[in-house]
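# Fold and contact review
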Amino acid sequence: KDNSPGNCWSFTGSKGSLTIQLSAQVFPEYFTMDHIPRELAPNRNASSAPNHFRVLGLDYGNAPKGHVLGNYEFTAFPIQTFAVQQNPYEKFFRFIKVEILSNHGNREYTCLYRFRVHGRPHDTETFNG
């Protein structure tokens, strides 16, 4: 993937959300967030990187509420992996929502370069067989 400076999902301000449709239902175990290294950022400034964020599992794409899987802080540039903090009903999800709650100080925009979901795929044989 091309994580060169500026090749990101950017949005105005420091708060935004993104819903991701996975290729299959997954039991989420970890999430990974990427940003460009500070050395490659303009003026070595990574203020546009997400800081505090929340991840939710959704029962369907435009669900008004989700199951909070964790609240996190992105501090280890350029890549940081986070364990799911809670999934009390041990659910599988096809949709994951990332809510960016703040960035590292940029008032104009926030950039998310990459977000990955790691977990176990749903065992279709168990439920269809």
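These notes cover the structure that comes with them.

The rules behind each value
Residues numbered from 1 in each chain as written. Predicted model: local features only at pLDDT ≥ 70, side-chain atom pairs only at ≥ 80, totals over all residues. Heavy atoms only, no water. Helix = DSSP H or I, 4+ residues; strand = E, 2+ residues; numbered from the N terminus. Contact = heavy atoms within 4.5 Å. Core = buried A, V, L, I, M, F, W, Y, C linked by side-chain atoms within 4.5 Å. Buried < 20%, exposed > 50% of the residue type's maximum accessible area, 1.4 Å probe, protein only.

Examined against the element boundaries, Phe115 turns out to sit in strand β8 (residues 114–121). Separated by 95 residues in the primary sequence, Phe115 and Ile20 have C-alpha atoms spaced 9.4 Å apart. Ignoring any residue separated from it by four or fewer positions in sequence, one finds Phe115 in contact with Ile20, Phe31, Thr32, Met33, Phe53, Val55, Ile96 and Val98.

Counting residues in each nonpolar core, the largest one holds 21 residues, and the members touching the most others are Phe31, Met33, Phe53, Val55, Ile96 and Phe115. Going through the elements one at a time, β2 (16–34), β3 (52–58), β4 (67–73) and β6 (93–100) are the ones with two or more residues in this core. For Phe31, the contacting residues outside a window of four places in its chain are Val55, Leu69, Tyr72, Gln80, Thr81, Phe82, Val84, Ile96, Phe115, Arg116, Val117 and His118.

Moving on to the side chain of His35. Mapped onto the fold, His35 is located in the loop between β2 and β3. Take His35: its relative accessible area is 3%, and that puts it in the buried class. If we skip the residues at most four places from it in the chain, His35 touches Ala46, Ser48, Ala49, Pro50, Phe74, Phe77, Pro78, Cys111 and Tyr113.

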